[in-house]
Amino acid sequence: MIYKIRIILDAEEDIFRDIEIEDQSNLEDFHNAITQAFGFEGSEMASFYTCDEEWNQDEEIALFDMSENGSDIRLMNETALNDVMTEDNPKLIYVYDFFSMWTFFVELADIVDKEDGRVYPNLLFTFGELPDAPPEKKFEAKPGDDEGNFDDLLDRYDDMDFDENWN
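Computed from a predicted model, the values in this text were never measured in an experiment. (Residues numbered from 1 in each chain as written. Predicted model: local features only at pLDDT ≥ 70, side-chain atom pairs only at ≥ 80, totals over all residues. Heavy atoms only, no water.)

### Observations regarding helix α1 (residues 27-38)
In a regular helix each residue adds 1.5 Å, so 12 residues correspond to 16 Å; α1 covers 16 Å between its end C-alpha atoms and thus fits that length. Every buried residue belonging to α1 is among L27, F30, H31, A33, I34, T35, A37 and F38, and all of these are buried. A side-chain oxygen of the first residue of α1 lies 2.9 Å from the backbone nitrogen of E28; this N-cap is N26. The first or second residue beyond α1 is G39, which carries a positive phi of 80°. (Helix = DSSP H or I, 4+ residues; strand = E, 2+ residues; numbered from the N terminus. Expected span 1.5 Å × (residues − 1). Buried < 20%, exposed > 50% of the residue type's maximum accessible area, 1.4 Å probe, protein only. Polar contact = N/O pair within 3.5 Å; in protein donor to acceptor, adjacent residues only side chain to side chain.)

Next comes the structure, spelled out in structure tokens:
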């Protein structure tokens, strides 16, 4: 089967690409299709993240395992697209270049039969131009996430003497 997927830049203005790709393709192939569709060089680190309906990030699926002695992290080249994206779970988050944090919302739009003679992945549609720099992220705590306020936190550390607590 063929997945028709919309990849939307997390920005105020509408910037997206529609790609069709075989459902059994691995996530590394999908990553390469996304970088080409948006005009990235493809030389930076990237990860997909599973998420829920409200786009709350869950499990990371990385391009490479950067740990020193291996870990249990899932890798793109070992993960099929249809293992993480289905009609029941149609969303993923994609982050390209962890220094710049290009962040994209990825959503399954349709599942269709493969067309003879068509090469996949296939860029179906582009809308909007990628800005020169990624949109700024606003990292805000949800109400109730803080344990007191910042002034309370500073008061607790005022009692500590630098020389006393140096390791």
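### Some details on the environment of V106
Summarising the element assignment, V106 is placed in strand β7 (residues 102-112). Take V106: its relative accessible area is 0%, and that puts it in the buried class. The spacing of V106 and R6 is 100 residues in sequence and 5.8 Å in space, taken between C-alpha atoms.

### What about the nonpolar core?
In this structure, I5, I7, F30 and F48 are the most contacted members of the largest nonpolar core, which totals 29 residues. Going through the elements one at a time, β1 (2-9), β2 (16-22), α1, β3 (46-51), α2 (81-84), β6 (91-96) and β7 are the ones with two or more residues in this core. By residue number, the principal contributor to this core is α1, which donates 6 residues. Once residues within four sequence positions are removed from consideration, F48 is found in contact with L27, F30, H31, I34, E59, E60, I61, M76, L92, I93 and Y94. (Core = buried A, V, L, I, M, F, W, Y, C linked by side-chain atoms within 4.5 Å. Contact = heavy atoms within 4.5 Å.)

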